[in-house]
Amino acid sequence: MSRPVLKVIEGPPRRTSGGEEARAADAALAQGVAQGDAAAIRALTQRCLPRVHAVAARLLGDRAEAEDVAQETFLKVWRKIALYDPERARLETWVTRIAMNASYDRLRKKRESQISDDAPEQVDDAVSADARLTGEDALSRVRAAVEALPERQKLALELCHFQERTNIEAALIMDVSVEAMESLLARARRALKKTLARDRDELIKDAAGLHGSGREL
C-alpha cells in the first residue's frame, strides 16, 4: 500500500466538533486509513499534519527535526491505526500523542548522550545500588499512574509538568482554551493524588528501611 509523501501544511489545524457525530467521523476516517483508502489517508494527513509539526517544533525547537518527527509519526500512524479507539480520544489527540512520544524519544536520547559524555565515574556499593532501585521503583509507580490517566489529562500533565510548558503554551499545543487546560490539569492532579496515596505508606516504609530507621518521614 503506497503512502503519501508528507509536506508541512502552513496554518492552524482545523477544529472539529465533539460528541457522537465527531466520534463516528473519527472512526470512519480511521477505518478508511486502515483499509488503505487514498482519500482517507490524504484527509487524515491534511487534518493532523499541521498540529503534529507544530507540537514537534515546539518541543524540539528545531523545524528540520520536527519535519523528521512528522514523517516518523505518520509512519507509526499507518501501522497502528487499527488500534485507534474513538471512545478514548479524538483522532487528532491520538495522532498528536504519537508525535509527542516521538519527540520525547529524541529529547531523551540527546539527554542520555550528554549524560554519558559528562557523567563522572560512580562508586559502586550496595547502598547506592539499593537507593537507585528504590528510586526507580518510585518513578515507575508515578509513570504507571500517569499512564492510567485519560488521554487528554495525560497529555496536559506531560506538557505542563514534565515538559515544563506554561498553561498557555500547552493550550496552544492541544488546541484548547486555557480554562480547559487548567481543568484538565486539576482533574489529572486529583486522580494522581488519589492513586499515589495508596502507595505512599509502602514507599515510606521502603525509604525508612533503606536508611536503617523505622522513623516515619
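All values reported here derive from a predicted model rather than from experimental measurement. (Residues numbered from 1 in each chain as written. Predicted model: local features only at pLDDT ≥ 70, side-chain atom pairs only at ≥ 80, totals over all residues. Heavy atoms only, no water.)

> Give a description of the pattern of salt bridges that names residues and reports values.
In this structure the tally under the stated criterion is nine salt bridges. Between E20 and R23 there is a salt bridge; the shortest N-O distance is 2.4 Å. Highlighted residues: E20 and R23, both in helix α1 (residues 19-34), separated by three residues, approximately one helical turn. Given a relative accessible area of 24%, R23 falls into the partly exposed group. Here D26 and R90 are joined by a salt bridge, their closest N and O atoms 2.6 Å apart. (Salt bridge = Lys/Arg side-chain N within 4 Å of Asp/Glu carboxyl O. Helix = DSSP H or I, 4+ residues; strand = E, 2+ residues; numbered from the N terminus. Buried < 20%, exposed > 50% of the residue type's maximum accessible area, 1.4 Å probe, protein only.)

> Could you give me a rundown of the nonpolar core, with the residues and numbers involved?
With 22 residues, the main nonpolar core has M100, L157, L159, M174 and M181 as its most contacted residues. At the level of elements, α2 (38-60), α4 (91-118), α5 (126-147), α6 (151-162), α7 (167-174) and α8 (178-210) are the ones that each hand at least two residues to this core. The contacts of L159, once residues within four sequence positions are left out, are L59, M100, Y104, E164, R165, A170, I173 and M174. L29, I41, V52 and Y84 belong to the second-largest nonpolar core, a separate cluster that totals 20 residues. (Core = buried A, V, L, I, M, F, W, Y, C linked by side-chain atoms within 4.5 Å. Contact = heavy atoms within 4.5 Å.)

> Run through the environment of R97, naming residues and quoting values.
For R97, the position within the fold is in helix α4. Residues R97 and E151, spaced 54 residues apart in sequence, show a C-alpha to C-alpha distance of 8.4 Å. Apart from residues lying up to four places away in sequence, R97 is in contact with E147, E151, K154 and E158.

> Run through helix α3 (residues 63-80), naming residues and quoting values.
Along its 18 residues, α3 runs 25 Å from first to last C-alpha, staying within 8% of the 26 Å computed at 1.5 Å per residue. For α3, the set of buried residues is E65, A66, V69, A70, T73, F74, K76, V77 and W78. The opening residue of α3 is D62, an N-cap whose side-chain oxygen sits 2.9 Å from the backbone nitrogen of A64. (Expected span 1.5 Å × (residues − 1). Polar contact = N/O pair within 3.5 Å; in protein donor to acceptor, adjacent residues only side chain to side chain.)

> Pulling in residues and values, what's your account of the packing of aromatic side chains?
Summed over all chains, the structure comprises two aromatic pairs. On the numbers, 5.7 Å between centres and 45° between planes, the contact of F74 with W78 is tilted. Here W78 and F74 lie together in helix α3, a separation of four residues that amounts to about one turn. Given a relative accessible area of 0%, F74 falls into the buried group. (Phe/Tyr/Trp six-rings, centres within 6.5 Å; stacked < 30°, edge-to-face > 60°.)

> Talk me through α1; I want residue IDs and the actual numbers.
Between the first and last C-alpha of α1 there are 23 Å, a value that for 16 residues agrees with the 22 Å anticipated at 1.5 Å per step. Among the residues of α1, those classed as buried are A22, D26, L29, A30, G32 and V33. Projected onto a plane normal to the axis of α1, the buried residues spread over an arc of 160° and lie on a single side. Exposed and facing more than 90 degrees away from the buried side of α1 are E20 and E21. The positive-phi residue at the C-terminal boundary of α1 is G36, with phi of around 80°. (Arc of directions from axis to C-beta.)

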